[in-house]
Amino acid sequence: MKTKTQEERSASTRRALLDATVACLAEVGYAGTTSAAVADRAGFSRGAQLHHFGSRDQLVVAAVEHLAHLRLGAVREQLSQLGAKGDAMPAGPEAALGLLAEALSGPLYAASLELWVAARADPTLREELVPAEDRVNAELAEICRTYVTDDPVEIRLTLDLLLGRGVSGLLIPHQRAHEIEALSAWTRRLTGHPRG
């Protein structure tokens, strides 16, 4: 049996702490996501948490960014699989919009919103969060550029639409039919096709 290296153990500990943080944020919000609660949920000491992430703000921002990259990586993977089937046309805008809408909604998306709201009144958290959000937005914009539109204004409007729908769906989940209708309408506007 192979023994884990120090680097593998460290990566495993970091991952457990990040996963525990996301779970805490989704369940109890930013206020309840304390360093002690995260360490306890992950099964590590608070010292281990501090060793890997110097502050609670660094931990929660790293966790949300980690989650965003995982979800966007899954979107890219699904889109590349759609484009590869039988050498068909690459995945179109509507497929990309649907996958992005899914990634930017639900309880795990709520964890990000918890941080946005808290950062509004917390300059230290905001200082940690803004660069992470810039990296996630760059990745979102690149997916849009590749699969939806290459127009910079349309990219921004698309992301604003998806982020806004993610927020509005937290209180009252969108009906699937309405979600499809909204994304189809936006696709038609982007591609210049009238209602068909």
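Predicted model, so just to flag it, every value in this text is computed and none were measured.

Asks: Is there a simple way to think about helix α2 (residues 35-42) in this case?
Replies: Since there are 3.6 residues in each turn of an α-helix, residues three or four apart along the chain are aligned in direction. When α2 is considered as a whole, its buried residues turn out to be S35, V38, A39 and A42. Each buried residue of α2 lies within a common arc of 95° when the element is viewed along its axis, so the set occupies one face. In the stretch just after α2, G43 is the one whose phi turns positive, near 80°.

Asks: Can you help me understand the packing of aromatic side chains in this one?
Replies: For any pair of aromatic rings, geometry is given as the distance between the ring centres together with the angle between the planes. By the definition in use, this model includes 1 aromatic pair. Judged by centre distance (6.2 Å) and plane angle (90°), the rings of Y109 and W116 are edge-to-face. Y109 sits in the buried class, given a relative accessible area of 4%. The ring centre of Y30 lies 4.0 Å from the NZ or CZ of R56, which sits over that ring.

Asks: Would you take a moment to explain the nonpolar core for this structure?
Replies: Soluble, globular proteins show a tendency: their nonpolar side chains are buried together. Core analysis: the biggest nonpolar cluster contains 27 residues, and V75, L79, L100, L140, I143, V148 and L162 have the highest contact counts within it. Residue assignment for this core shows that the elements contributing at least two residues are α4 (56-84), α5 (93-103), α6 (106-120), α7 (123-147), α8 (152-171) and α9 (176-191). Y30, V61, L115 and L125 belong to the second-largest nonpolar core, a separate cluster that totals 12 residues.

Asks: Honestly, the pattern of salt bridges in this entry has me stumped. Any pointers?
Replies: Side-chain pairs of opposite charge can arise whenever the charged atoms involved come near each other. Here the structure, examined in full by the defined rule, presents 6 salt bridges. The closest approach of N and O atoms between E27 and R41, which form a salt bridge, is 2.8 Å. On the criterion of sequence distance, the pair formed by E27 in helix α1 (residues 6-32) and R41 in helix α2 is long-range, its members being 14 residues apart. Between D160 and R156 there is a salt bridge, with the nearest N and O atoms lying 3.1 Å from each other.

About the criteria used
Residues numbered from 1 in each chain as written. Predicted model: local features only at pLDDT ≥ 70, side-chain atom pairs only at ≥ 80, totals over all residues. Heavy atoms only, no water. Buried < 20%, exposed > 50% of the residue type's maximum accessible area, 1.4 Å probe, protein only. Helix = DSSP H or I, 4+ residues; strand = E, 2+ residues; numbered from the N terminus. Arc of directions from axis to C-beta. Phe/Tyr/Trp six-rings, centres within 6.5 Å; stacked < 30°, edge-to-face > 60°. Lys NZ or Arg CZ within 6 Å of the ring centre and 35° of its normal. Core = buried A, V, L, I, M, F, W, Y, C linked by side-chain atoms within 4.5 Å. Salt bridge = Lys/Arg side-chain N within 4 Å of Asp/Glu carboxyl O.

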